[in-house]
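Chain by chain, the residues run as shown.
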Amino acid sequence: MFARRVRGRSVGFFLPVLELVGRLGGISPEDVRHSFIKVNNEMILTEPDRLPPEKILILLPHCIQRSACDLRLSHDVNHCRRCGLCPVGGLLNLRDRYGVHLAVATGGTIARRLVVEKRPRFILAVACERDLSSGIQDTYPLPVFGLLNERPNG
């Protein structure tokens, strides 16, 4: 319960203040957001909730899909052919095995819509620093464990 209150304060107050202080101190907004996400994740790990799989949403960015694929999985991830050319098929296999919800979003608006539709009690989200930090803020008090999207080419 204590971690939940601290997380609420950090989400609503500290992140904007830290971004301002970071800007004044020459720290990039990405570095501030990265630290915010790490602290958020640590606080979430202290909350001992055990949830049924159907209350968990794994939210992925559209760039996880192979760019040459002619299917748009952001509309419905079940359209995936599971050809093995990108990781989506393997993630669908995990979804099928464990019973969690899995969705692909092209941005924050679609991600928020998916959260409203699925009504999860926990979100595991993969995104860049900006989208993750704003998603954590937008969905509070819903716990969002954030994994930073690796972007080797920028």
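Look up a bit, the structure's there.
Residues numbered from 1 in each chain as written. Predicted model: local features only at pLDDT ≥ 70, side-chain atom pairs only at ≥ 80, totals over all residues. Heavy atoms only, no water.

Draft legend 1. A look at the sheet that holds strand S1 (residues 56-61). Spatially, four strands are ordered S2-S1-S3-S4 in an open sheet, and the strand pairing comes out parallel. At either margin of the open sheet sits one strand with a lone partner, and together these are strand S2 (101-105) and strand S4 (144-148). Averaged over neighbouring strand pairs, the angle between their axes works out to 20° when direction is ignored. Taken together, the five bridges between S1 and S2 define a ladder with parallel strand orientation. Bridging from a neighbouring strand, Pro61 pairs with Ala105 of S2. Contacts between helix H2 (residues 29-45) and the sheet are confined to strand S3 (122-127) and S4, with S4 contributing the most and set at about 140° to the helix. (Pairing = 2+ DSSP bridges. Helix = DSSP H or I, 4+ residues; strand = E, 2+ residues; numbered from the N terminus. Axes fitted to C-alpha atoms, helices over the stretch in contact; angles between N-to-C directions. Contact = heavy atoms within 4.5 Å.)

Draft legend 2. Up close: helix H4 (residues 108-118). Those residues of H4 lying buried are Ala111, Leu114 and Val115. Summarising the axial view, the buried residues of H4 lie within an arc of 100°, below the 170-degree limit, and thus occupy one face. Among the exposed residues of H4, those pointing more than 90 degrees away from its buried face are Thr109 and Val116. Buried residues along H4 sit in contact with S1, S2, S3 and helix H5 (129-139). Phi for Arg119, located one or two positions after H4, is positive at around 50°. (Buried < 20%, exposed > 50% of the residue type's maximum accessible area, 1.4 Å probe, protein only. Arc of directions from axis to C-beta.)

Draft legend 3. Representation of the pairing of S2 within the structure. Judged by how many residues are buried, S2 sits mostly within the fold: four of five residues are covered. For the segment spanning S1, helix H3 (residues 88-98) and S2, crossover handedness is right-handed. (Right-handed = clockwise from strand over helix to strand, strands pointing away.)

Draft legend 4. Region of interest: the pattern of salt bridges. If you walk through the whole model with that rule in mind, you get seven salt bridges. Arg113 is the partner of Glu117 in a salt bridge, and the nearest nitrogen-oxygen pair spans 2.9 Å. Residue Glu117 and its partner Arg113 are both found in helix H4; the two are separated by four residues, about one turn of the helix. Judged by relative accessible area, which is 38%, Arg113 ranks as partly exposed. Each of Arg82, Arg95 and Asp96 takes part in a single network of salt bridges with overlapping partners. (Salt bridge = Lys/Arg side-chain N within 4 Å of Asp/Glu carboxyl O.)

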